[in-house]
Amino acid sequence: MSAPTLPVSGVVNVTVNMAPRSAQTRNFGACLIVGTSDVIDISERIRSYSDITEVAEDFGTNTPEYLAATAFLAQSPKPSSVQIGRWANSPTSAVLRGRVLSTEEQNIETFKAITDGAMTVNIDGSPAELSAVNLQSCSNLDAVAEAITSALKSKGTCTWDTTRFTIKSASTGKSSTIEAPADTELSRALGLVNGTTIGGIDKESLADAFAVFLDVPTWYMAYVAAPHEEGDVLGASAIIEASNPSCIIGFTTKDTKEIDPTSEDSLGAKLKKLAYNRTMLMYSSTADHACASIMGRMSTVNFEGNNTTLTLKFKQCPGVAAENLRTSQANVLRDHNVNVFAAYSNDTSILQEGVMSSGWFIDEVHGLDWLQNRVQTDVWNLLYTTKKVGQDEVGIEALVSTVSRSLDQAVANGLVAPGVWNGDSFGALKTGDTLSTGYYVYVQPLDEQSQADREARKAPPVQIAVKLKGAIHFVDVAITVNR
């Protein structure tokens, strides 16, 4: 045993305190494509994909989900990922989802060894008894699933999705139910023992589906790829308009009412009257998912970069054929705030006008949503990572500095720029003053704060004026000639 010694900490005591990790801003490029294909069940609801190959593996290449994802991912620069969500626009079946099988458990020889398998699956309250199941001739796991489907005798179907087995009831709607089987050699090999059960549901509206999607806030923009009616659009747009956190939604229409100068009851006209700031509509006579292309371009904006914001007008829509429009047709689209990829007489084609149904420019809605979240997140992190932000001038200065850094990034990325303030006066800012930095931050003086607010530990109100940089969409040039 070594001789005893005294710990160094008795003289020099050093401790390490890890600061809490700051909250992250939202991903304003995250897109959700909404479809109705029976691939994603109503429990999972949303699935993420990193490339179009993964989408094809799940949905095939002729589904609305795949075609919309293709339009979204075809933009340049290319988005890095896309999400797909399930809308139950018809009653769904109860599902028994087995666990993911390991590589060893997927060995077909394990299943071939089962020559007299049995298990009981309760479907819709009555037992589906499988007996004398012989898997000896199965060459792969798809064949195993087919054998189980045959043994279920029309009460349900079994599928293999390359990772797990799933049994689906033949019935649909809220009364459709299923229970996991007891432990037998067959149910154990299939991974169905203690499997996940998901009951069926009745048909839901698109608005109902979005009420569920909004509970999974992994996305910012949503494109509805599934066939839909006018009522679906109006209902979903209403819930998106009121959503928190903020989101946007897009649709594509082929309805020729949109280009008819005599029509006042088109979908575009109705959305305009409702002044929806978070709904975008795009017309295309040939492309089913043209609006997804707009979202693909939006998805690549990096708000944390320098000079990275953009206007959507003049942009390209890969895979979307340009429309050859009469001037009157283009004017009615513009009047109703419907976007279109239009051909021009100089052999170019551009997206126009890049607006929401209310007439607000899409890039400004997108940018201001980012700015709101950036300011909110930065102020949160100030309060969260600091020991205390005092209710004094030092604390207020820290608050102003934090907000100003957020606004500096808005100037850097091109969303905000110096200009004349034409809004109402507040603080030291007067109507007509020039915002030399592009913004102005005002905090109510501490001595004007109510005692009740101070005792509640509230900060004085913070008011911010910002001048949007905007973008030039139209130019008039006058040439005067003198001989």
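The paragraphs below set out a description of the structure included in this document. (Residues numbered from 1 in each chain as written. Predicted model: local features only at pLDDT ≥ 70, side-chain atom pairs only at ≥ 80, totals over all residues. Heavy atoms only, no water.)

Looking at the pattern of salt bridges
- Going through the model one piece at a time under the given rule, you end up with 17 salt bridges.
- When the shortest N-O distance is used, the salt bridge between Asp288 and Lys254 registers 2.7 Å. Here Lys254 lies in the loop between β11 (248–253) and α8 (267–273) and Asp288 lies in the loop between β12 (279–283) and α9 (290–299), a separation of 34 residues in the sequence.
- Asp288 gets classed as partly exposed once you look at its relative accessible area, which sits at 44%.
- The partner of Asp378 in a salt bridge is Arg374, and the shortest N-O contact between them spans 2.6 Å. Residue Asp378 and its partner Arg374 are located together in helix α11 (residues 362–385), separated by 4 residues, close to a single helical turn. The exposure classification of Asp378 matches that of Arg374, with both residues buried. (Salt bridge = Lys/Arg side-chain N within 4 Å of Asp/Glu carboxyl O. Helix = DSSP H or I, 4+ residues; strand = E, 2+ residues; numbered from the N terminus. Buried < 20%, exposed > 50% of the residue type's maximum accessible area, 1.4 Å probe, protein only.)

Some points on a nonpolar patch on the surface
- Together, Ile472, Val475, Val477, Ile479 and Val481 give the surface a local cluster of nonpolar side chains, amounting to about 610 Å² of exposed area.
- Structurally, Ile472 can be placed in the segment after β18 (462–466).
- Taking relative accessible area as the criterion, Ile472 reaches 65% and is therefore assigned exposed. (Patch = residues over 30% accessible without salt bridge, like charges linked within 9 Å, V, L, I, M, F, W, Y side chains within 5 Å. Areas by Shrake-Rupley, 256 points an atom, 1.4 Å probe, with all protein chains shown as cover.)

Quick notes on the pairing of strand β1 (residues 31–35)
- Taken across its 5 residues, β1 has 5 buried, putting it largely inside the fold.
- Taking every second residue as pointing to the same face, both faces of β1 are buried, with Cys31, Ile33 and Gly35 on one and Leu32 and Val34 on the other.
- Sheet topology note: the β1/strand β10 (residues 221–224) ladder contains 4 bridges and is parallel. Considered in β10, the bridge of Cys31 is made with Met221.
- Inspection of the sheet shows β1 paired to strand β3 (residues 82–86) by 4 bridges, in the parallel sense. The partner of Gly35 across the bridge, within β3, is Arg86. (Pairing = 2+ DSSP bridges.)

Some details on empty space enclosed by the protein
- Applying the stated rule across the entire model yields 1 cavity of 30 Å³ or more.
- Around the largest cavity, the lining residues are Arg26, Phe213, Leu214, Val216, Pro217, Trp219, Pro245 and Cys247.
- When grouped by side-chain class, the residues that make up the lining of the largest cavity number 7 nonpolar, no polar and 1 charged. (1 Å grid on protein atoms, 1.4 Å probe; cavity = no way out; pocket = protein on both sides within 12 Å on 5 of 7 lines; lining within 4 Å. Points joined across faces, edges and corners; volume = space filled by probe spheres on them. Nonpolar A, V, L, I, M, F, W, Y, C, P; charged D, E, K, R; others polar.)

Side note on the layout of surface pockets
- The calculated volume of the largest pocket comes to roughly 820 Å³.
- Every residue lining the largest pocket is counted, 32 residues in all, and those nearest its centre are Asp38, Val39, Arg47, Asp161 and Thr166.
- Grouping the constituent residues of the lining of the largest pocket by class yields 11 nonpolar, 10 polar and 11 charged.
- Reported here for the second largest pocket is a volume of approximately 460 Å³.
- Lining the second largest pocket are 19 residues, and of these Leu383, Val389, Arg457, Lys458 and Ala459 sit closest to its centre.
- Only α11, α12 (393–413) and β18 provide two or more residues apiece to the lining of the second largest pocket.

Brief notes about the sheet that holds strand β13 (residues 339–343)
- Read across the open sheet, the 8 strands follow the order β2-β3-β1-β10-β11-β12-β13-β14; overall the sheet is mixed. Whereas interior strands pair on both sides, the edge strands pair on one side only; in this sheet they are β2 (46–49) and β14 (349–352). Here the average twist between neighbouring strands, direction ignored, is 25 degrees.
- Bridge analysis of β10 against β11 gives 3 bridges, and the strand direction is parallel. (Axes fitted to C-alpha atoms, helices over the stretch in contact; angles between N-to-C directions.)

A word on the sheet that holds strand β8 (residues 165–169)
- Judged by pairing direction, the sheet is antiparallel, and its 4 strands sit side by side in the order β7-β8-β4-β9 without closing on themselves. Each edge of the open sheet carries a strand with a single partner, namely β7 (156–160) and β9 (196–198). Direction aside, neighbouring strands of the sheet carry axes that sit 15 degrees apart on average.
- Here 3 bridges tie strand β4 (residues 95–97) to β8, and the two strands are oriented antiparallel to one another. Bridge pairing in β8 places Arg97 opposite Thr166.
- In this fold helix α4 (residues 141–152) packs onto β7 and β8, with an angle of close to 170 degrees to the strand it touches most, β7. (Contact = heavy atoms within 4.5 Å.)

Re the environment of Gln352
- Checked against the element boundaries, Gln352 lands in strand β14.
- A relative accessible area of 4% means that Gln352 is categorised as buried.
- Sequence spacing of Gln352 and Ile249 is 103 residues, and the spatial spacing of their C-alpha atoms is 18 Å.
- Beyond its immediate sequence surroundings of up to four residues, Gln352 is in contact with Lys313, Ala330, Arg334, Val338, Asn339, Val340, Ala342 and Tyr344.

Digging into a negative patch on the surface
- Together, Asp392, Glu393, Glu397, Asp447 and Glu448 line one region of the surface with negative charge.
- Checked against the element boundaries, Asp392 lands in the loop between α11 and α12.
- With a relative accessible area of 36%, Asp392 lands in the partly exposed category. (Lys, Arg positive; Asp, Glu negative; His and termini not counted. Charge placed at Lys NZ, Arg CZ, Asp CG, Glu CD.)

Structural notes on the packing of α11 against α12
- Where α11 contacts α12, the two axes come as close as 9 Å, and the packing angle between them is 150 degrees. As summarised for this structure, α11 and α12 are arranged roughly antiparallel, according to the angle between their axes. Crossing angle aside, the handedness with which α11 passes α12 is right-handed. Between α11 and α12, the residues in contact are Trp370, Leu371, Arg374, Val375, Asp378, Val379 and Leu382 and Ala398, Leu399, Thr402, Val403, Arg405, Ser406, Leu407, Gln409, Ala410 and Asn413, respectively.
- Taken together, the residues of the contact of α11 with α12 break down into 10 nonpolar, 4 polar and 3 charged. (Parallel < 35°, antiparallel > 145°, perpendicular 65-115°, else oblique. Left-handed = near helix turned anticlockwise from the far one by under 90°.)

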